[in-house]
Amino acid sequence: VCFIPGGLDCSISSLSHVLGKVCIHGRQKEILGVLVPRLTDLTKSDCIWQRICWQLVECVPDRWMEAVVLGFVQRAPGADVLSRLLGNLVVKNKKAQFVVTEKMLLLQYGHTTAVLQNLLGYLSLDSLRRTLLLRVLQELLESWSSSSAVKHSPAEQQLYISKAILICLSHLKEPEIESCRQELLTSMMEGVKCHLDSSLPRLRRLGMVVAESISLKLNTEGPVLKFEYEEDDETRELKSLLVQTPSFYVVPSLPDDDRSEKAVAALPLVPESNEKCHTAALVMPDEELDAELDSDDDLIPYDMSEDKELKIKAPMYIRDCIEVLTGSTSEDVDKWEATVKALESLVRRNPAATREVSVELAKILLHLEEKTCTEGFVELRQRAQVAVLTTDPIPVSKYLTSQFYSLNYSLRQRMDILDVLVLAAQELSCPKFHGKTKHSGVQKPCIQLLPGNDSSKGWRRIVDERIKSKTRRFDMGQSRVELASCPNEFNSVAGYFFFPLIQHFDRPLTTFDLLGEDHLVLGRLVHTLAILMYLAVNTVAVTAMGKALLEFVWALRFHTDSYVRQGLLSCISSLLLSVPAERILADMTEELLETQSWLGDVMEKDPDGDCRRLALQNLLLMENLKKKLEAV
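All figures in this text were calculated on a predicted structure; none of them were measured in a lab. (Residues numbered from 1 in each chain as written. Predicted model: local features only at pLDDT ≥ 70, side-chain atom pairs only at ≥ 80, totals over all residues. Heavy atoms only, no water.)

**What to know about the overall build of the chain**
In step 1: If you tally the helices and strands in the chain, you get 33 helices and 2 strands.
In step 2: Relative to its full complement of 632 residues, the chain shows a buried share of 41%.
In step 3: Residue pairs at least 24 apart in sequence account for 73% of intrachain contacts in the chain once pairs closer than 6 positions are excluded.
In step 4: Split by element, the accessible area of the chain, about 37,400 Å² in all, is 54% carbon and sulfur. (Helix = DSSP H or I, 4+ residues; strand = E, 2+ residues; numbered from the N terminus. Buried < 20%, exposed > 50% of the residue type's maximum accessible area, 1.4 Å probe, protein only. Contact = heavy atoms within 4.5 Å. Areas by Shrake-Rupley, 256 points an atom, 1.4 Å probe, with all protein chains shown as cover.)

**Description of the nonpolar core**
In step 1: Within the largest apolar cluster, 87 residues are counted, with the highest numbers of intra-cluster contacts made by Phe 404, Phe 490, Phe 497 and Leu 525.
In step 2: With 9 residues, helix 28 (residues 519-535) is the largest single contributor of residues to this core.
In step 3: Those residues in contact with Phe 404 that lie beyond four places of it in its chain are Arg 414, Ile 417, Leu 418, Leu 501, Phe 512, Leu 514, Val 521 and Leu 525.
In step 4: Cys 53, Leu 133, Ala 164 and Leu 184 belong to the second largest nonpolar core, which has 75 residues in total. (Core = buried A, V, L, I, M, F, W, Y, C linked by side-chain atoms within 4.5 Å.)

**Digging into the side chain of Gln 97**
In step 1: Counting through the fold element by element, Gln 97 comes out in helix 7 (residues 94-107).
In step 2: For Gln 97, a relative accessible area of 12% translates into the label buried.
In step 3: At a separation of 2.8 Å, a polar atom in the side chain of Gln 97 contacts the main-chain carbonyl oxygen of Val 90. (Polar contact = N/O pair within 3.5 Å; in protein donor to acceptor, adjacent residues only side chain to side chain.)

**Here we look at the pattern of salt bridges**
In step 1: A complete count under the given rule lists 26 salt bridges for this structure.
In step 2: The salt bridge partner of Glu 176 is Arg 130, with a shortest N-O separation of 2.7 Å. With a gap of 46 residues between them, Glu 176 in helix 12 (residues 174-179) and Arg 130 in helix 9 (residues 127-144) connect regions that are remote in the sequence.
In step 3: For Arg 130, a relative accessible area of 10% puts it in the buried group.
In step 4: The shortest N-O distance in the salt bridge between Glu 234 and Arg 202 comes to 3.0 Å. Residue Glu 234 is located in helix 15 (residues 233-241), and its partner Arg 202 is located in helix 14 (residues 201-218); the two are separated by 32 residues in the primary sequence.
In step 5: Judged by its relative accessible area of 18%, Glu 234 is buried.
In step 6: Here the residues in one salt-bridge network are Glu 344, Arg 348, Glu 379, Arg 383 and Glu 427, joined through shared partners. (Salt bridge = Lys/Arg side-chain N within 4 Å of Asp/Glu carboxyl O.)

**Some thoughts on a negative patch on the surface**
In step 1: Taken together, the side chains of Glu 551, Glu 590, Glu 591 and Glu 594 define an acidic patch exposed on the protein surface.
In step 2: Looking at the negative patch, the element that brings in the most residues is helix 32 (residues 589-605), giving 3 residues.
In step 3: Along the chain, Glu 551 turns up in helix 29 (residues 542-556). (Patch = residues over 30% accessible without salt bridge, like charges linked within 9 Å, V, L, I, M, F, W, Y side chains within 5 Å. Lys, Arg positive; Asp, Glu negative; His and termini not counted. Charge placed at Lys NZ, Arg CZ, Asp CG, Glu CD.)

**Section: the packing of aromatic side chains**
In step 1: According to the stated counting rule, one finds 6 aromatic pairs in the structure shown.
In step 2: Judged by centre distance (5.8 Å) and plane angle (90 degrees), the rings of Phe 404 and Phe 512 are edge-to-face. Here Phe 404 is found in helix 24 (residues 393-404), whereas its partner Phe 512 is found in the loop between helix 27 (494-503) and helix 28, with 108 residues between them in sequence.
In step 3: For Phe 404, a relative accessible area of 0% translates into the label buried.
In step 4: Relative accessible area serves as the criterion here: at 2%, Phe 512 is assigned to the buried category.
In step 5: Each ring, one from Phe 490 and one from Phe 497, has its centre 5.4 Å from the other, and the planes form 80 degrees; the classification is edge-to-face. As far as burial versus exposure is concerned, Phe 490 and Phe 497 are alike and both buried.
In step 6: One aromatic cluster in this structure is built from Phe 404, Tyr 405 and Phe 512.
In step 7: Above the ring of Trp 64, the side-chain terminus of Arg 63 is found at 4.4 Å from the ring centroid. (Phe/Tyr/Trp six-rings, centres within 6.5 Å; stacked < 30°, edge-to-face > 60°. Lys NZ or Arg CZ within 6 Å of the ring centre and 35° of its normal.)

**Some points on unusual backbone geometry**
In step 1: The backbone of Asn 408 shows a phi angle near 65 degrees, a positive value even though the residue is not glycine.
In step 2: With respect to the helices and strands, the residue Asn 408 is situated in the loop between helix 24 and helix 25 (411-429).
In step 3: Within the chain, Asn 538 stands out as a residue other than glycine whose phi angle is a positive 70 degrees.
In step 4: Relative to the helices and strands, Asn 538 resides in the loop between helix 28 and helix 29.

Next up, the structure:
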């Protein structure tokens, strides 16, 4: 840095041009990595250097302003430092204002949380810039509460906007909140609705967290919104952004000798009167302690150590289970609970008796509601449904698939039907495990002498066991299970699971519209069809299933919900993996060429990252398929 003696005036516009040109050519890191720390030290206590720094950035031409401002925001160690370096640049320069208030917040979403805190903290540190902070918050809330933006923007951008909203809320003062209370309330109601309508759990959770935070700011003393969701690192980070940690509580890194003393000095002081109050609250007179004692404490409790819980015997027959589950009286809730717990094993042990009442039992389980607080009730009911479906697949699958498109069912029941079909298809398509493990690796071989003349018959086994017991093995390997060859039970019933689900998806009902507001169930249906297609490999109906699935995908390929599009792309993957290459080439050549063109567009233009990844995966599968056919 050069010094000009004699108090002469000078112009630093040439330096501003050099700074802008270096930054626009991609050398931000090199020049600002040196310049920002130096200017931070010089402007800490010298107002003249602050004015020089402001003049330096204000004289940068507009065509280079974005690169310079972005570099300062990214490399400033804090909002207060950024305020010293840039001054009121965003108020004086329209280009800088556009970059700070719109481009970095609404058009980009790759900046870190620290950059967001620098940027919005900078806007909050001056009265002239706080009007821009309120305008930024309003624009962020408009984007957050727009159903079109939620549907068409990636989840990463929604997270970025949510972080920016919470940081803005943390900087608002009480008069500012009062002035825009109605706008905040309206945006909160609209935004939480469109987020809860999303099929992606991550977006729903983002909507809940932001709505809770806005409600907390609006109603500091009254009731606030509270949702039930599972907290993870992302939600905890979002909630932490709502609380601004005062800078005077931060203890810098110090030598070990001084660390404890400085840390104690940095803690907030507690008034002496408060300390006395706390001490007085902890010490209670003996008379009050005696008054709290209950006279019943002297009684000797009964000895209940040998008491045993009465176990309710579960029904032994399927029809008895049906009577218990359909009984109108609810006096014997223990027997009802025991029946629910024992039903799955009873169904699997008595397949013949189950087939006689399979459809009736499936109907009962589909409508079964929890009467008691049974632990794992949903899982127990689902496992019983799967057991009934695998025991008698054709009539039960006909019943379940017909009920999926029937009236008077909740969305939860329709999704339960899909889950049961998938689990049953997995069980039917997988080979059963038979036999014992070859190597236990735990127990040593034990020789048992066979009595009488039978000992001569097993001499080979005895010798082998003796050799094994005296042989040192450094690695026995993992336990392996002998797989007995058995037919794929899903082969003969795959069509009963698949085709009824794909037939009526475009027919809206009074309470059920897959192509309308019930897109969450549509997403689950599409993923279910993809799994059924994958499990149908080597079955007779796989080619017909593949053609029907390809037509289904083509009809829905432009759906606005990203969860549905992910399922459609998964369907293409399942089709390419399950249908034989020869049948694809013979029966679906034209459709596959059109699908390839669509996949290329998805890979380049889809806003959802998972959709782009799945499209690329499908294109690679098609390329491998092409190479395989050329080799043949």
